[in-house]
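The primary structure of each chain is shown beneath.
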Amino acid sequence: SVRAGDAQPYKTIDDFELTDQDGVPFRFSQLRGKPALVFFGFTHCPDVCPATLAKLVVVTNAADPKADSATIAMISVDGDRDTPAAMKAYLAQLSSRCIGLTGDPLAVRKIAAQFPAVFFKGLPEKPGGPYAVEHTSQVYLIDRRGRLRATFFNESIDAMRRAIAALSNESQETAEPTAPVR
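As the structure is a computational prediction, the values presented were derived from the model and not from experiment.

Conventions adopted
- Residues numbered from 1 in each chain as written.
- Predicted model: local features only at pLDDT ≥ 70, side-chain atom pairs only at ≥ 80, totals over all residues.
- Heavy atoms only, no water.
- Helix = DSSP H or I, 4+ residues; strand = E, 2+ residues; numbered from the N terminus.
- Expected span 1.5 Å × (residues − 1).
- Buried < 20%, exposed > 50% of the residue type's maximum accessible area, 1.4 Å probe, protein only.
- Arc of directions from axis to C-beta.
- Core = buried A, V, L, I, M, F, W, Y, C linked by side-chain atoms within 4.5 Å.
- Contact = heavy atoms within 4.5 Å.
- Pairing = 2+ DSSP bridges.

**Details of helix 1 (residues 48–60)**
Line of reasoning, step 1. Under the 1.5 Å per step criterion, the end-to-end length of helix 1 is 18 Å for 13 residues, consistent within 8% with the ideal 18 Å.
Line of reasoning, step 2. Buried within helix 1 we find Cys49, Thr52, Leu53, Leu56, Val57, Val59 and Thr60. One side of helix 1 holds all its buried residues, which, seen down the axis, span an arc of 160°.

**A look at the nonpolar core**
As a rule of thumb, soluble globular proteins bury nonpolar side chains together.
Line of reasoning, step 1. In this structure, Leu37, Val38, Phe40, Ile75 and Phe115 are the most contacted members of the largest nonpolar core, which totals 49 residues.
Line of reasoning, step 2. For Phe115, the contacting residues outside a window of four places in its chain are Lys11, Ile13, Phe28, Val38, Phe40, Tyr140, Ile142 and Leu148.

**Notes on the pairing of strand 2 (residues 17–20)**
Line of reasoning, step 1. With three bridges connecting them, strand 2 and strand 3 (residues 25–27) associate as antiparallel partners. Bridging from a neighbouring strand, Glu17 pairs with Arg27 of strand 3.
Line of reasoning, step 2. Connecting strand 2 to the antiparallel partner strand 3 that follows it, the hairpin turn spans four residues, and Gly23 within it adopts a positive phi of roughly 80°.
Line of reasoning, step 3. Sheet topology note: the strand 2/strand 6 (residues 98–102) ladder contains two bridges and is antiparallel. Each residue of the ladder has a partner; that of Asp20, found in strand 6, is Leu101.

**Structural notes on helix 2 (residues 84–92)**
Line of reasoning, step 1. For helix 2, the full list of buried residues reads Met87, Tyr90 and Leu91. Taken around the axis of helix 2, the buried residues stretch over an arc of 90°, which confines them to a single face. Turned more than 90 degrees from where helix 2 packs its buried face, Ala85 and Ala92 sit exposed.
Line of reasoning, step 2. The inward-facing, buried residues of helix 2 abut helix 1, strand 5 (71–76) and strand 6.

**Observations regarding unusual backbone geometry**
Line of reasoning, step 1. The omega torsion across Phe115 and Pro116 is -10°, close enough to zero to call that bond cis.
Line of reasoning, step 2. Tracing the chain through its elements places Pro116 in the loop between helix 3 (105–113) and strand 7 (119–121).
Line of reasoning, step 3. With a phi angle near 55°, Asn154 is a residue other than glycine that sits in the positive phi range.
Line of reasoning, step 4. Considering the arrangement of structural elements, one finds Asn154 in the loop between strand 10 (147–152) and helix 4 (157–168).

**Things to note about the pairing of strand 6**
Line of reasoning, step 1. Where burial is concerned, most of strand 6 is hidden: five out of the five residues are buried.
Line of reasoning, step 2. Judged by which residues are buried, strand 6 turns out to be covered on both faces: Cys98, Gly100 and Thr102 on one side and Ile99 and Leu101 on the other are all buried.
Line of reasoning, step 3. Pairing geometry for strand 5 and strand 6, over four bridges, is parallel. In the strand pairing of strand 6, Ile75 is matched with Leu101.

Structural data, given as structure tokens:
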């Protein structure tokens, strides 16, 4: 996985707009100003999503106030079922720090490609029946400028906390963009 602080150019994620769990338009650029943990998932996921989100809540509930500054953003890969109300009910069980974003699956596919995250809708067992969505389980660490700085795959809670703290400790001069990112 990519680690915060590696000497490499960081990928800026293009701004996009989805709908948040309150039914309000939300731009990705609204996350700027502090680190964010971005995860692609869906509310009907039986295992990976609940476990990952629970882990992210533990990571952001750290005793270290720097790690506490990260926002969790779950982007739904199942916009057909994940309405804002469904996202709100799902995330309310976890933490008020979580932002749930949903929208048209084609738009989300274009957004996911920037990270890169992959997902596809599975076939139902019978026509019109329930279906699953296969998806990337990585968590993406975004810095306060909207740049992808680390990708976590089964990373420990301590390693994630250290990466967030490293981003939080960067000087404002380093962290502030010199020009708006489009």
